[in-house]
Amino acid sequence: MAEAQTGRRRAKKPRLAVWKFTSCDGCQLTLLDLEDELLAIAEALEIAYFPEATSRPLRGRYDLSLVEGSITTPEERERILEVRRRSRHLVAIGACATAGGIQALRNFADVAEYARIVYARPDYIRTLASSTPISDHVPVDFELRGCPIAKHQLLETVAAFLHGRRPHIPTHSVCAECKLAGNACVLVGAGTPCLGPATRAGCGALCPSFGRGCYGCFGPMENPNPPSLSDRLAALGMEKETLRRFWRSFNAGAPDFRRESARHGP
Amino acid sequence: MARKTIKVGYLSRVEGEARLELSIRDGTVRAARLAIFESPRFFEALLRGRHFDEAVDINARICGICPVAYQMSTVHAVEDAFGIRIAGPLRALRRLIYCGEWIESHALHICMLHAPDFLGYESAIAMARDHPQAVTRGLALKKAGNAILAKLGGREIHPVNIRVGGFYRVPRKRELAELVDPLERARDLALETVRWVAGFDFPRSERPYTFVALRHGREYPFNEGRVASSDGLDIPVRAYDAHFEEYQVPHSTALRSRIRGAGHYLTGPLARYHLNADLLRPVAREAAKEAGLGPSCRNPYTSILVRAVEVLHACDEALAILADYEEPEQPAVAVEPKAGVGHGATEAPRGLLYHRYVLDGEGIIRDARIVPPTAQNQAVIEEDLVEHVQRSLDLPEEALRHRCEQTVRNHDPCISCATHFLKLEVERE
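Criteria and cut-off values
- Residues numbered from 1 in each chain as written.
- Chains lettered and ligands numbered in written order.
- Predicted model: local features only at pLDDT ≥ 70, side-chain atom pairs only at ≥ 80, totals over all residues.
- Heavy atoms only, no water.
- Core = buried A, V, L, I, M, F, W, Y, C linked by side-chain atoms within 4.5 Å.
- Buried < 20%, exposed > 50% of the residue type's maximum accessible area, 1.4 Å probe, protein only.
- Helix = DSSP H or I, 4+ residues; strand = E, 2+ residues; numbered from the N terminus.
- Domains from an automatic or database assignment.
- Contact = heavy atoms within 4.5 Å.
- Arc of directions from axis to C-beta.
- Polar contact = N/O pair within 3.5 Å; in protein donor to acceptor, adjacent residues only side chain to side chain.
- Buried area = accessible area lost by both parts, 1.4 Å probe.
- Salt bridge = Lys/Arg side-chain N within 4 Å of Asp/Glu carboxyl O.
- Lys, Arg positive; Asp, Glu negative; His and termini not counted.
- Pairing = 2+ DSSP bridges.
- Axes fitted to C-alpha atoms, helices over the stretch in contact; angles between N-to-C directions.

Chemist: Provide a residue-level description of the nonpolar core, including the pertinent values.
Modeler: By size, the foremost hydrophobic cluster in this structure holds 155 residues, and its most contacted members are L66(A), F42(B), L96(B), L183(B) and Y357(B). Sort the elements by how many residues they give to this core and helix 4 (residues 88–119) of chain B lands first, with 16 residues. When we break this core down by domain, the ones giving at least three residues each are domain 1 (2–162) and domain 2 (174–262) of chain A. F42(B) has contacts with R106(A), V111(A), Y114(A), A115(A), V118(A), Y119(A), I125(A) and T127(A), leaving out every residue within four places of it along the chain.

Put into structure tokens, the structure is as follows:
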């Protein structure tokens, strides 16, 4: 079986494509940051479309598409349909692609006002009123969270799709990783506001390891209880306005965080 | 009338999305346009109403390749508003993490994005088949830069440890000592890279740039300095707005920068080198000389060589910082918010990055302005294109198209950063 698969791979490598929508490029850079594995990945699959790294033009269909970025323009809304048509598997990578990213703060504001603040000629701007995740537009086979995504999770995801299995990516909270890292709880111990109890693991409890509270860049864990965490943060003295901002950052558009931020203000 | 329009539909091996258009009529290049279709994300608007501590993390997301630059310009601008100055080991650690970003970003550009142009490959991965050593060396260098970011910042992309006043946690001496071996190896690799790049076949060019960069006086600039130009400008960062302006032109929808009453200017490695070459670490200065670089360099195609020299400088500088490091008593100085205006400018890998904030007494941002290097360089990139295409008109179309892309990549444009770029309509002749 293994031999048969190797033989097939030798005959035709799976084709990988990396697509960018509205984003900072950080998640696709994570692929290039796999310095030790990159050339091996390039052996195992054909990097068929990756404009940040190669000038090879777009053609044909792709076995695995990694999609970075959110949908914020009419052109992107069309382009993602084309990407879906060309892709056997489509994986959304990062907070922009899975929740709309930091630019989804516009969803809580007036985008015309935003354009006036930044640009002298806002009439030139063609943008949508909201920033939305890929799954709002096309079926997505898997979502990899994080702002940015974690290297080891990207590697696991690519490997899983190469072998036709589901990626093993935990959906529990940062707290579990924090305990494994041997950290004292910053929330209980130091009274530092922390979104870890409601945030999905993946970063290795990075912020608490640096003595600061988690700011939720991996988005909501599976079945979080945000109101309970808000109560705790309020008891620490966090004001309503600060609570609203705390829940509303890189994953402001993720439903669990969006609902919770809305409980504390418009 | 012979008329042709060359379009590069999707400019690859740059960070972000761009398109290139050239109009050629009767053998004369009429216009060159670097059209950016990166969607606006409105950072300056969404920062309004946010606390200064949040802005440090939010601004990192402007660019995944140079998040530290955005975090650094932010903290320096806010500290300027609050009247805070960072000295001693905290200042040294900021320079150290900036070294990491220069090494990581420059190594990516030199080996993965730009070198394939000179050697005739579509990508570094394709290049790896014939030049495996060069590519693995580039990846090893990049990894060494990223190791600094991960050690000091927690992770390579969007580090979590930088804050107004200093850091959340400062490393122990022995933690930082783990960086010494890899950086000593990286310094050797950086020198090899300078020598490797020096052997490339560079198209000839001599451009009349006005250079703009920070000048510190005692150090090759990262975090601090006065804003200086090759035409004699020398001002404190807070006077930036009085001397530089952003403007829009009718045929384009992009905001560009110019020196008030003067013209366009170039920021980035060539500018830093012109204004600060004497302040490079001796090993980098020596390597630059050996590679044939004079005190100034106006050939944009050799920017890759200057970048390589800067990587060598950053490796050596990082090692010097590591050797002198003493753990500070506190990870950050006390921060007392104060209503006011703060200005900050630092040297991102791609050039001068200016931030200005209006803050209220609670430390909430009321107004923000961010001027990224690629926005400042856009006009010069287009001027380069007009000049070089004019001289290359007899090349076959595919070669000409390739030369155009290479000309743009000379300036390592980071389009995700350039929050001021707008979508352009394609002009069809």
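Having seen it, we continue.
Chemist: Tell me what's going on with helix 6 (residues 111–118) of chain A, and back it up with residues and numbers.
Modeler: All names here are of chain A. Among the residues of helix 6, V111, Y114, A115 and V118 are the ones counted as buried. Considered in projection along helix 6, the buried side chains sweep an arc of 95 degrees and stay on one side of the axis. If you check the start of helix 6, you find a side-chain oxygen 3.1 Å away from the backbone N of A112, and it comes from D110.

Chemist: Go over the interface of chain A and chain B, please, and point to the residues and values.
Modeler: Facing 60 residues of chain A, the contacting portion of chain B comprises 67 residues. Together, the buried faces of chain A and chain B total about 5400 Å²; carbon and sulfur atoms form 62% of this surface. Among the salt bridges present, the one from E35(A) reaches K142(B), with a minimum N-O distance of 3.0 Å. Contributing elements (two or more residues each) for the side of chain A that touches chain B: helix 2 (26–32), helix 3 (38–44), strand 2 (46–49), helix 4 (74–86), helix 6, helix 10 (206–209) and helix 12 (240–247) of chain A.

Chemist: Kindly report on the side chain of E68(A), identifying the contributing residues and their values.
Modeler: All names here are of chain A. Tracing the backbone shows E68 in strand 3 (residues 62–68). With no salt bridge to any partner, buried E68 finds its closest opposite charge in K20, at an N-O distance of 4.1 Å. Polar contacts involving the side chain of E68 include one to the main-chain amide nitrogen of D25, which spans 3.3 Å. Leaving out residues up to four positions away in the same chain, E68 has contacts with W19, K20, F21, S23, D25, G26, C27, Q28, I93 and A97.

Chemist: Please give an account of the sheet that holds strand 1 (residues 15–20) of chain A that cites residues and values.
Modeler: Residue and element names in this part refer to chain A. The sheet built from five strands is open, its strands ordered 2-1-3-4-5 with parallel pairing. The sheet is open, and its two edges are formed by strand 2 and strand 5 (142–144), each paired on a single side. Recorded for the sheet is a direction-independent mean angle of 30 degrees between the axes of neighbouring strands. Note: strand 1 against strand 3, five bridges, orientation parallel. For K20, the partnering residue across the bridge sits in strand 3 and is E68. Along the sheet, helix 7 (residues 151–162) makes contact with strand 3, strand 4 (87–93) and strand 5, crossing strand 5 at roughly 160 degrees.

Chemist: Residues and numbers for the pattern of salt bridges, please.
Modeler: Enumeration according to the criterion identifies 53 salt bridges over all chains in this entry. Among the ionic contacts, a cluster of salt bridges with common partners joins R85(B), R91(B), R95(B), R187(B), E219(B), E224(B), R281(B), D316(B) and E317(B).

Chemist: Residue-level account of the sheet that holds strand 6 (residues 212–215) of chain B, with values.
Modeler: All names here are of chain B. Within the open sheet, the three strands sit side by side as 6-7-8. Their pairing is antiparallel. Strand pairing shows two members of the sheet lacking a second neighbour, strand 6 and strand 8 (234–235), which therefore form its edges. Here two bridges tie strand 7 (residues 226–229) to strand 8, and the two strands are oriented antiparallel to one another. Looking at strand 8, one finds that A228 is bridged to D234. In this fold helix 10 (residues 269–276) packs onto strand 6 and strand 7, with an angle of close to 50 degrees to the strand it touches most, strand 6.

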